[in-house]
Amino acid sequence: MLKTLVQTNRARVIKALKAVTNTEGAAILMRGHRPTHEHDACTTHPHMQFEANFSYVFGVQVYHFDGVLFLDSEEAYLINRLEESNLKFTVPSASLLADNYGIEGIFPSSSLLDVLKKRNVTRVFVHSGDDISTGIHSNEFEHPDLEKIKEIVDRDVLYPILNATRTIKSEIELKFLEEVCKASSLAHREVIRACRPGMKEHQLSAIFYSTVAALNKGGDWAYFPICCSGEDCAILHYHKNDKVIQNGDMLLLDMGCKYHGVCSDITTSFPANGKFIQSQKEIFELTAKAQAHGISRLKPGVKYLDIHKECVKIILEGLIEIGLLKGTIEEIEEANFGSIFMPHSLGHFIGYKTHDVGLPMTMEVIEESESRILKTAEADFEKEPVPEGEDEEGKKTRKEKYLQEKKDALFSQRKEKLKKYLPVTRTTLEPGMVVTVEPGIYFVPILIEKAKNDEKLAKFCNFEKIDQYQKEVGGVRIEDCIVLTEDGHRVLSDIPRTVEEIEKMMASQALEL
């Protein structure tokens, strides 16, 4: 099954390349895994992380090897970057490489040009583009001899092809996603059963990890586990995991594993003692209501951003009903309270990375963005002080110059922007996409303080009740992985999502540790 996955991925990339360019006599060169820690704005990884594109095309998860894929024959080889004396420590057997990944063999990095010449390679594709989640350039293939063949190296075509094929999953990739989500769901259930006051937060992550390892469906963390309790549930990416869990605390557990490079991402929220108090119940059920609506709206043709906006509105309406906010929903939305109580997107793509790539960027999206920026710039211009003695004609000339400078700056960035990909919030959903839906309600101290110090926001807030919920709840997030089907969607994770289900599960706790 693993070999089928990798070979299917390769075949899809080759087919997509052939649809847009001449691939006769062509090869793909890809940088492999390096022993580095991965970090981006949303996920941190505790161990050495593997390069996602390389995992997708070659499957092998061993450091210090690059890869070459010959498109005419669809043959894949590894390129060894290690000294010969170190090979015995890391190189898998030839039979394992062939049986599990369809790898034909290994040759030393010093032989690259000779191999390409012998195979009559006339064009080389290298992936080169920007990663939205990290904000850095992709891990581009590097070799001291690449300069000698620079006239046949193409750095533009491959990157958007990889993004597109990774965004729309194949049936075999979906099977792996189902397996890793199933294992993660079972592990979360074990954590819910085992949890009780007096434990340390990191004990819960240990139970999760040992469960997926025992199931043989998750050999590594997909990202650093978030196991927070009490008021720390308001820290969106909490990584300490070292507190003693107190009786009455809410818990927010965001944990997922990897299975042959494919990631899961699931979040649960529940009370440590197994019983929701009123404030915890209200915030949990409101979050669950928003998530249920978001999931129900997932189908091809729908814009994910529309779903995000609908879920934020449901949360704000609920906060008014509970009594944390006061005023009309129109006033609350206009004041942008969504950014205070749910300061993140509704979800993201998931696949070979937790926050996975999306479809290639389009000029339509870039132009929409430019239009919004220029509209804001025009409003900003009107706020600028008028030079003494300037008449209407002078103001018109100054405004035209001001806006032209803005346009020139935006237009100069178009080429670089086209090297990026679309996040899910800028995407119209299609069959085969896999996304998360993860609304949350948080009582973030710095954001609450911001509202207190802004009279335009403060008038809508019941701070006495907000402070109470900050202490009793901290924050709630509920997250599942969902695949888009031809006529709708299918939820891949399976976690209790009602107060009654959670309390019942926690009443049947696991054996003492």
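Look above for the structure.
Residues numbered from 1 in each chain as written. Predicted model: local features only at pLDDT ≥ 70, side-chain atom pairs only at ≥ 80, totals over all residues. Heavy atoms only, no water.

Quick look at the sheet that holds strand S13 (residues 262-263)
The 3 strands are arranged S9-S12-S13 in an open sheet whose pairing can be described as antiparallel. Either end of the sheet is taken by a strand with one partner, and the two such strands are strand S9 (220-221) and S13. Here S9 runs beside strand S12 (residues 257-259); their pairing, made up of 2 bridges, is antiparallel. By the bridge assignment, Asp220 is partnered in S12 with Lys258. Running at roughly 145° to S12, helix H7 (residues 171-194) makes contact with S12 and S13 of the sheet. (Pairing = 2+ DSSP bridges. Helix = DSSP H or I, 4+ residues; strand = E, 2+ residues; numbered from the N terminus. Contact = heavy atoms within 4.5 Å. Axes fitted to C-alpha atoms, helices over the stretch in contact; angles between N-to-C directions.)

So, unusual backbone geometry
Only a minority of non-glycine residues have a phi that is not negative, and only a minority of peptide bonds are not trans. One non-glycine residue, Asn120, lies in the positive phi region at around 55°. Its place among the elements puts Asn120 in the loop between helix H5 (112-118) and strand S7 (123-126). Positive phi values are uncommon outside glycine, yet Asn336 reaches one of about 60°. For Asn336, the position within the fold is in the loop between helix H11 (329-334) and helix H12 (338-341). By relative accessible area, which is 44% here, Asn336 ends up partly exposed. (Buried < 20%, exposed > 50% of the residue type's maximum accessible area, 1.4 Å probe, protein only.)

Description of helix H14 (residues 392-412)
In this model H14 runs 30 Å from its N-terminal to its C-terminal C-alpha over 21 residues, within 8% of the 30 Å that 1.5 Å per residue would give. Looking only at H14, the buried set comprises Tyr402, Leu403 and Leu410. Across the axial projection of H14, the buried residues extend over an arc of 90°, all falling on one side. More than 90 degrees from the buried face of H14, the exposed residues found are Glu393, Lys401 and Ser412. (Expected span 1.5 Å × (residues − 1). Arc of directions from axis to C-beta.)

Observations regarding the packing of aromatic side chains
Per the counting criterion, the structure on display carries 13 aromatic pairs. An angle of 85° between the planes, with centres 5.2 Å apart, marks the rings of Tyr56 and Tyr352 as edge-to-face. Linking Tyr56 in helix H2 (residues 52-58) with Tyr352 in the loop between H12 and helix H13 (363-383), this pair joins segments that are 296 residues apart in sequence. With a centroid separation of 5.2 Å and an interplanar angle of 55°, the aromatic rings of Phe276 and Phe284 are classed as tilted. Both residues of the pair, Phe276 and Phe284, count as buried. (Phe/Tyr/Trp six-rings, centres within 6.5 Å; stacked < 30°, edge-to-face > 60°.)

Geometric descriptors of this kind do not, in isolation, establish any biological role.
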